Amino acid sequence: MRKLNEECGVFGIYAEKVSDIADLAYYGLLALQHRGQESAGIVVNNDGVFTSYKDEGLVNEVFHGHSFSALGKGNMALGHVRYGTTGKGGRENAQPIVVQHMKGNMALCHNGNLTNSYELRESLESNGSIFHTTSDTEVISYIITRERLTSASIEQAVSRAMDVIEGAYSLIVMSPSKMIAARDPNGFHPLCYGRRGDGSYVIASETCALDAVGAAFERSVEPGEIVVFTEDGVISDKSHCGKVKPSFCIFEYIYFARPDSVLEGDSVHRARFKAGALLAEQYPVEADVVIGVPDSGLDAAVGYSKASGIPYEIGFIKNKYIGRTFIAPGQRQREDLVKIKLNAVSSTVSGKRVVLIDDSIVRGTTSARIVRLLRDAGAKEVHMRVTAPAFTNPCYYGTDIDSKEHLIACRHTHEEIEKIIGVDSLGYISVENLYKIVGRDNKGICTACFDGNYPTKVCAESRKLRFEQKIGKKGE
């Protein structure tokens, strides 16, 4: 499987006087670590002077000793954890991006994926722009910088950029005196803000990061909205709102977000619990025990147990020091991680008929290894229930799925998949039931990777890795 990418976490804090602002950014990123484990970065703004540090690795690996103390003090900070949507790994693609231009410094971080990044970058390069990364975040930074040169304010530049960029983006932009949060009109990925007791404002991908720094949740940034934080207060620009139907990524509830987060007013924990309960109704089975695959399968397993009456028990022990296999870049790394990440609890499963709850089956290799762990631990039967439907289409908005040839559901029948992963039965939640887990009544969520109903125009062929390929003779 070629190297694919996703998901990111963004964090920003705006304050008039906070002595420990770098510490707060650090704590916020730790809370968002589940959203990206390739790299981390923080930029501190001290009255217009930007100090930044970023590198590959987990947050606590990147920031220690000198790398953290060098950030200094300031009144604003921007942070990012990355699993890149467009662009290879490496320090050069770590965020936030810092730009120095004739109207002052700007820093930017981004979660999502632009669907027109290839065309925009080609156009920018043809006009002399020189790129230093392969990330679409740099494309956004160029567009905003270009618009800033003829705009009255940084927020106006962001608004003009939103007329040009397409796809999924949850942005935080920091200027010398302002912090701006912006979300694409479809609202594919989460973005919210809250307020601390000292009056400082905190913007983050998930509410769990607000909790980590003692900020009370105020509200979500609306799809298409631009929210500006200044010394004069909070200003909202909704000129881009309501132009299209909201299309929130349902996989945020199923997998990406932490269960203690609240997204768009819906508890992630409750959504997963409901998914498990719906699976019990959709695919009942006679069994002795229900177990979940840590971490995103646990809440759903409890839901399945409650609805079915089958006891729930701990079936796996997870090595807490190993990253998430789905967002580990590269298939070989995913397989190696599975070997040491989980261990089955034989006293729970030995000689029993087991209902195994997991969040998804993408390629099938991870699922097969997990089932094998249960068989080796003595499970008599394994009935797998999945809180996501079968993946049958690429995602262009920021999930690690962009090639049908690698999706097991596109290459094999349901019965073949059961044999390949080694289960006695397999049941995916239906697309119809997905709407029920958040009570949206067929409105407001994106299920394109399951049903092919894309909410925006997408390219027939994904070319997002074009800029990582070697250029041959005569530009070929």
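Because the structure is a prediction, the values reported are computed rather than measured. (Residues numbered from 1 in each chain as written. Predicted model: local features only at pLDDT ≥ 70, side-chain atom pairs only at ≥ 80, totals over all residues. Heavy atoms only, no water.)

1. Quick word on unusual backbone geometry
The phi torsion of most residues other than glycine is negative, and most of the peptide bonds are trans. For the peptide bond that leads from glutamine 95 to proline 96, omega is 5°, which places it in the cis range. Mapped onto the fold, proline 96 is located in the loop between strand S4 (74-82) and strand S5 (97-101). A cis amide bond links proline 294 to the next residue, aspartate 295, at an omega of -5°. Structurally, the position occupied by aspartate 295 is in the loop between strand S17 (289-292) and helix H10 (298-308). A positive phi angle, near 55°, is found at aspartate 47, a position not held by glycine. Considering the arrangement of structural elements, one finds aspartate 47 in the loop between strand S2 (39-46) and strand S3 (49-56). Given the relative accessible area of 67%, aspartate 47 is considered exposed. (Helix = DSSP H or I, 4+ residues; strand = E, 2+ residues; numbered from the N terminus. Buried < 20%, exposed > 50% of the residue type's maximum accessible area, 1.4 Å probe, protein only.)

2. Quick word on the sheet that holds strand S10 (residues 201-204)
Here we have 7 strands laid out as an open sheet, ordered S3-S2-S4-S1-S10-S9-S11, and antiparallel in their pairing. Looking at strand neighbours, the two that pair on one side only are S3 and strand S11 (216-220), the edges of this open sheet. Averaged over all adjacent pairs, the angle separating strand axes in this sheet is 15°, with direction ignored. (Pairing = 2+ DSSP bridges. Axes fitted to C-alpha atoms, helices over the stretch in contact; angles between N-to-C directions.)

3. Examining the packing of aromatic side chains
On inspection of all chains with the given rule, the structure shows 17 aromatic pairs. Relative to phenylalanine 450, the ring of phenylalanine 391 has its centre 4.9 Å away and its plane inclined at 40°; by these criteria the two rings are tilted. With phenylalanine 391 in the loop between strand S21 (381-386) and helix H14 (408-411) and phenylalanine 450 in helix H17 (residues 448-451), this residue pair connects regions lying 59 residues apart in the sequence. Judged by its relative accessible area of 7%, phenylalanine 450 falls in the buried class. (Phe/Tyr/Trp six-rings, centres within 6.5 Å; stacked < 30°, edge-to-face > 60°.)

4. Focus: the nonpolar core
Counting 45 residues, the largest nonpolar core has Ile250, Phe251, Tyr253, Tyr304, Phe391, Ile437 and Phe450 as its most contacted members. Contributions of two or more residues to this core are made by strand S14 (248-249), helix H8 (251-256), helix H9 (268-282), H10, strand S20 (353-358), helix H16 (431-438), strand S23 (445-446) and H17. Sort the elements by how many residues they give to this core and H9 lands first, with 6 residues. Residues within four places of phenylalanine 391 in sequence aside, it is in contact with Phe251, Ser360, Ile361, Val362, Ile401, Leu407, Ala409, Cys410, Cys449 and Phe450. Counting 29 residues, the second largest nonpolar core, distinct from the first, contains Ala22, Tyr26, Val59 and Ala215. (Core = buried A, V, L, I, M, F, W, Y, C linked by side-chain atoms within 4.5 Å. Contact = heavy atoms within 4.5 Å.)

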